[in-house]
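Close look at the chain arrangement
Letter by letter, the chains look like this.
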Amino acid sequence: MSGKRRIALVAHDQKKDNLVDFVRRHAAELGRYELVATGTTGGRLVEACPQLTLRRLKSGPLGGDQQIGAMIAEGDIEAVVFFVDPLTPMPHDVDVKALMRLAIVYDIALALNRKSAEALLAFLRDREKGTADG
Ligand SMILES: O=C(CO)COP(=O)(O)O
């Protein structure tokens, strides 16, 4: 690891534009973290924010969600921003659930939509300042 704290970024197809918008608006702040993303999401983010250094994992349905889950289990993830699409059936739904489950098990900050992602960043900011628990 680089020594920076790590954040995972993931979005389902219908939510990728929303995540790109979120990351673009917070690029400077997110750039202070080591960023990992599932494959297609990562491609979109790198295209939109070429200044960000981001490691692309496998695409979600091909194991990317599980790679993030494994990082959580290893203690290598600080927070997960995962913009989920609740209206479309996913062939890899079990992987999505497994990732969320591990985030809960390990008490990892997990944001599933834009407002909770804003709250997550505020929490990380407070934690850096030493004014948040956890
Ligand atoms: O499917 C995903 C999360 O479940 C995201 O994967 P991609 O970023 O490769 O589209």
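Look up: the structure comes first, before these words.
A few points on the structure. (Residues numbered from 1 in each chain as written. Predicted model: local features only at pLDDT ≥ 70, side-chain atom pairs only at ≥ 80, totals over all residues.)

In the Ramachandran plot, Asp107 falls in the positive-phi region, its phi being about 55 degrees despite a non-glycine side chain. When you line up the elements, Asp107 lands in the loop between α5 (93-105) and β5 (109-111). A count of 9 C-beta atoms within 10 Å places Asp107 in the exposed class. (Helix = DSSP H or I, 4+ residues; strand = E, 2+ residues; numbered from the N terminus. Buried ≥ 20, exposed ≤ 12 C-beta atoms within 10 Å, placed from the backbone.)

Glancing now at the site of the ligand. All residues in the neighbourhood of the ligand are listed as Val10, His12, Thr38, Gly39, Thr40, Thr41, Ser59, Gly60, Pro61, Gly64, Asp65 and Val96. Mapped onto the shell around the ligand, the elements with two or more residues apiece are α3 (39-48) and α4 (64-73). Among the elements that make up the shell around the ligand, the one with the highest residue count is α3 (3 residues). Here the shell around the ligand is built from residues that sort into 3 nonpolar, 8 polar and 1 charged. (Near = placed C-beta within 6 Å. Nonpolar A, V, L, I, M, F, W, Y, C, P; charged D, E, K, R; others polar.)

Keep in mind that these numbers describe shape and distance, not what the molecule does.
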